[in-house]
Amino acid sequence: MGKKKADNKYDTSAKTRRTFIGGQALLEGVMMRGKSSVAMAVRAPDGEIELETERLKPMSKANKIPVVRGVISFVNSLVVGMKCMMRSAEVCFPEEESPSKGSTVIAAVIGVLLAVGLFIAVPWFVGWAIKRWTSFDNVAVISVIEGCTRLTIFILYLSLIRLMPDIKRTFMYHGAEHRTINCYERGLPLTVENVQSCSTKHNRCGTTFLFFVVVFAILLYALLNWLFTLFEGCEFLFDNFFFTLAIRLALLPIIAGLSYELLRGLAMLPDNKFTAVLRAPGLALQKLSTCIPDDGMAEVAIKAFSAVLELDADPNKPTVEFYERDFGEERKKLAARLLDDPQDADWIYCDILDKPRSALGGIGKIKIGQVNKANEYADRLLNGEPLDYVLGNSDFCGVKLKVDGRVLIPRFETEVLANKAVEIIGGRSGVRVLDLCTGSGCIAAVIAKQTRAEVTASDISEEALAVAKLNLDGTGVVIVGSDMFENIEGTYDVIVTNPPYVRTADIDGLQKQVTAQPHIALDGGEDGLKFYRIIADSAGKYLKDGGVLLAEVGYDQADDVKKLFGKIGACETVKDLDGKDRIVVCRK
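Note that the structure is predicted; figures quoted are calculated from it, not measured.

Draft legend 1. How the structure looks around the overall build of the protein chain. Helix and strand content of the protein chain: 21 helices and 15 strands. Considering only contacts within the protein chain whose residues lie at least 6 apart along the sequence, 66% involve residues at least 24 apart. Accessible area of the protein chain: about 29,700 Å², with a carbon and sulfur share of 59%.

What follows is the structure, encoded as structure tokens:
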């Protein structure tokens, strides 16, 4: 019963504060305008409420001059209102092409012409027709008829357009706008429940303003008609359509200014019988321009109103655009989704935003498209896809490499291997290097970048070589398709290799992110040493005297590999970052 009472009676008894925040209904949204800011909240097709805020330019001295300030406010309202309406359309209909500025201007001009025709030309024509086609020529009565015609057209216009479903929804948002402002002025917390208990009518409504415009138009145009009769020989002016139209259009700014002052004055006056009588017609007309909003519409209006309150209270608060989100909040949400490895959320955003991890803390806002992309990445991670595949790249010794399901993802242990190879090559020129089982080409890329060596990279997988070509393009590295040493020619100063070394029986028990990688790059045979035996048997033929063979091995394979490589030369091991023997170095 409380809601129904609030909708049928403009209850101001509970008011405890006033605000000059006003608003406008948009397409599936609400615009609120305060002293120094504007906020638009629009319900997007996905159900989310999108927010955009903007700072207003400081008011000029002319805004303090009575009547003049009304004209300025009216023009500003038209400009800002049209802009906000177009922006809301972009959110509501994201798949549709936005109209150009030229077409927008044309549409605005057509709208103005229709308004002039309906509310100025047609009423004048009615008065003119009565005088011309009848013997009745009482200027006062004709002016009243003209005014009543204008008011009737206005009421019929509102009554008809509210029958259109889309317009009715806009009028529902209009009701949500009024209820939210009333809720605040009554001193109630801005909750959906409190907003929905308030009236859909408000003293400062644009509908009331338009009613006052009609009233002042009736009075001033009647005065104009009477003045024409005072000057002998000027009666013909009353019958001249273009002259009369020009005069009436010239009076519109004065009419708008006077209407604004009346609306503003009535809003500031206390509630009593006198003000109630003056407000009653405008409030009655609001029954046509407002409808009962649903809770979701109230939520939209609250968001826009709250944003304006915050911006007006804090001049340093940053503005936001549609489809922007608070990065800190989104970063936390993504990390919460990736509980097993929450730091992956940072790597995802580093890739999407093209920022180093150290810069993430300084990011305030992020586009919703970037948030959606991050969540798509997270979905793939949760389905077992490795992070590097999701991102499409991998950082290896400071080199950014392309990686996907065709190649093994470079690991930190392999960085130890690449760095050791670079150390051994040093600053020498003309050193010939073979990267055996190159995969993505990661080791070859680092050696080519950090040394002056002549590098050859080989692999049996054509898919892997296709990725390696992308990573090694422009480096001078020679790429060879070869099953181990099958197609290798010549001898080398350094052979570096990271062959498959996972025991066949152990592969299925590995993490999803590992088993998602090419098994050909993982499977080292029954004991994991299949390819080390091939290397031990053949590497000596391709390694120059004094040459060095470097191989990455499994965490528990170093001793076995050293024994296998003993036939080539003396061997030593290099530990990885976890202190495990990870690299076997053999000098011929």
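Draft legend 2. Local environment of the sheet that holds strand β4 (residues 49-55). Read across the sheet, four strands follow the order β1-β2-β3-β4 without closing on themselves; strand pairing throughout is antiparallel. One side of each edge strand has no neighbouring strand; the edge strands of this open sheet are β1 (22-26) and β4. Strand-to-strand twist in this sheet, taken as the mean axis angle between neighbours without regard to direction, amounts to 15°. Pairing between β1 and strand β2 (residues 29-33): five bridges, direction antiparallel. Bridge assignment links Leu26 to a residue of β2, and that residue is Gly29. Relative to the sheet, helix α2 (residues 68-92) contacts β1, β2, β3 (37-43) and β4, its axis offset from that of β3 by approximately 30°. Packing of helix α11 (residues 295-313) onto the sheet brings it into contact with β2, β3 and β4, and relative to β3 it is tilted by some 155°.

Draft legend 3. Summary view of empty space enclosed by the protein. The tally for this structure, following the rule as stated, stands at one cavity of 30 Å³ or more. Of the pockets and cavities examined, the largest cavity occupies roughly 40 Å³. Lining the largest cavity are Asn203, Thr208, Phe212, Leu263, Leu266, Arg279 and Leu283. Among the residues forming the lining of the largest cavity, the class breakdown is four nonpolar, two polar and one charged.

Draft legend 4. A look at unusual backbone geometry. Of note, Asp354 is a non-glycine position whose phi angle comes to about 55°, a positive value. The backbone phi angle of Cys397 is positive, close to 55°, even though this residue is not glycine.

Draft legend 5. Here's a closer look at the packing of aromatic side chains. Here the structure, examined in full by the defined rule, presents five aromatic pairs. Both rings, one in Phe327 and one in Tyr349, keep their centres 5.0 Å apart while their planes meet at 80°; by these two values the pair is edge-to-face. Note that Phe327 is positioned in helix α12 (residues 327-337) and Tyr349 in helix α13 (residues 344-353), a separation of 22 residues in sequence. Taken as a pair, Phe327 and Tyr349 share a single burial class, namely buried. For the pair Phe485 and Tyr542, a centre-to-centre distance of 4.9 Å together with 10° between the ring planes defines the contact as stacked. On the criterion of sequence distance, the pair formed by Phe485 in the loop between β11 (478-481) and β12 (492-497) and Tyr542 in helix α20 (residues 530-542) is long-range, its members being 57 residues apart. Tyr542 matches Phe485 in its accessibility class, with the two residues each being buried. One cation-aromatic arrangement involves Arg432 over Tyr492; the distance from NZ or CZ to the ring centre is 4.3 Å.

Draft legend 6. Molecular detail of α12. Taken as a whole, α12 has its buried residues at Phe327, Glu330 and Leu334. An end-on view of α12 places all buried positions within 65° of arc, on one side of the element. Elements in contact with the buried residues of α12: β5 (324-326), α13, β6 (365-367) and α14 (368-382).

Draft legend 7. Inspection of the nonpolar core at higher detail. Within the largest apolar cluster, 43 residues are counted, with the highest numbers of intra-cluster contacts made by Met32, Ala41, Leu51, Leu158, Tyr173, Ile255 and Phe305. For this core, the leading source of residues is helix α7 (residues 206-230), giving ten residues. In contact with Ala41, not counting residues within four places along its chain, are Glu28, Gly29, Val30, Ile49, Glu50, Leu51, Val300, Lys303 and Ala304. Core analysis: the next-biggest nonpolar cluster, separate from the first, contains 32 residues, Val399, Cys442, Ala445 and Ala468 among them.

Draft legend 8. Just a nonpolar patch on the surface, in detail. A contiguous nonpolar patch, built from Phe74, Val75, Leu78 and Val79 and spanning about 340 Å² of accessible area, is present on the exposed surface. Following the sequence through the fold, Val75 ends up in helix α2. Under the relative-accessibility criterion, Val75 is labelled partly exposed at 41%.

Draft legend 9. Structural detail: α14. In this model α14 runs 21 Å from its N-terminal to its C-terminal C-alpha over 15 residues, within 8% of the 21 Å that 1.5 Å per residue would give. Within the span of α14, buried status applies to Ile368, Val371, Ala374, Tyr377, Ala378 and Leu381. Immediately beyond the C-terminal end of α14, within one or two residues, lies Gly384, with a positive phi of roughly 95°.

Draft legend 10. Looking closely at the packing of α12 against α13. Interaxial distance between α12 and α13 falls to 9 Å at its minimum, and their mutual angle equals 130°. As judged from the angle between their axes, α12 and α13 are oblique. Contacts from Phe327, Glu330, Arg331, Leu334 and Ala335 in α12 reach Ala345, Asp346, Ile348, Tyr349 and Leu353 in α13. A breakdown of the residues in the contact of α12 with α13 according to their chemical character gives seven nonpolar, no polar and three charged.

Draft legend 11. Representation of the pairing of strand β14 (residues 570-575) in the model. The sheet contact formed by β14 and strand β15 (residues 581-587) spans six bridges and is antiparallel. Each bridged residue has a counterpart across the sheet, and for Cys571 the counterpart in β15 is Cys586. The hairpin turn running from β14 into β15, its antiparallel successor, is five residues long, and Gly579 in that turn takes a positive phi close to 85°.

Draft legend 12. Representation of the pairing of strand β8 (residues 399-402). Burial along β8 is one-sided: the face carrying Val399 and Leu401 is buried and the face carrying Lys400 and Lys402 is not. As paired strands, strand β7 (residues 393-396) and β8 are joined by four bridges and run antiparallel to one another. Bridged to Ser394 within β8 is Leu401. Counting the residues in the hairpin turn of β7 and β8 gives two residues, including Cys397, whose phi is positive at 55°.

Draft legend 13. Focus on the environment of Ile583. Inspection of the secondary structure assignment puts Ile583 in strand β15. Among the residues examined, Ile583 registers a relative accessible area of 0% and is labelled buried. It is 9.5 Å that separates the C-alpha atoms of Ile583 and Tyr555, two residues lying 28 residues apart in sequence. The residues contacting Ile583, other than those within four sequence positions of it, are Glu413, Val416, Leu417, Ala551, Glu552, Glu572, Thr573 and Val574.

The rules behind these values
Residues numbered from 1 in each chain as written. Predicted model: local features only at pLDDT ≥ 70, side-chain atom pairs only at ≥ 80, totals over all residues. Heavy atoms only, no water. Helix = DSSP H or I, 4+ residues; strand = E, 2+ residues; numbered from the N terminus. Contact = heavy atoms within 4.5 Å. Areas by Shrake-Rupley, 256 points an atom, 1.4 Å probe, with all protein chains shown as cover. Pairing = 2+ DSSP bridges. Axes fitted to C-alpha atoms, helices over the stretch in contact; angles between N-to-C directions. 1 Å grid on protein atoms, 1.4 Å probe; cavity = no way out; pocket = protein on both sides within 12 Å on 5 of 7 lines; lining within 4 Å. Points joined across faces, edges and corners; volume = space filled by probe spheres on them. Nonpolar A, V, L, I, M, F, W, Y, C, P; charged D, E, K, R; others polar. Phe/Tyr/Trp six-rings, centres within 6.5 Å; stacked < 30°, edge-to-face > 60°. Buried < 20%, exposed > 50% of the residue type's maximum accessible area, 1.4 Å probe, protein only. Lys NZ or Arg CZ within 6 Å of the ring centre and 35° of its normal. Arc of directions from axis to C-beta. Core = buried A, V, L, I, M, F, W, Y, C linked by side-chain atoms within 4.5 Å. Patch = residues over 30% accessible without salt bridge, like charges linked within 9 Å, V, L, I, M, F, W, Y side chains within 5 Å. Salt bridge = Lys/Arg side-chain N within 4 Å of Asp/Glu carboxyl O. Expected span 1.5 Å × (residues − 1). Parallel < 35°, antiparallel > 145°, perpendicular 65-115°, else oblique.

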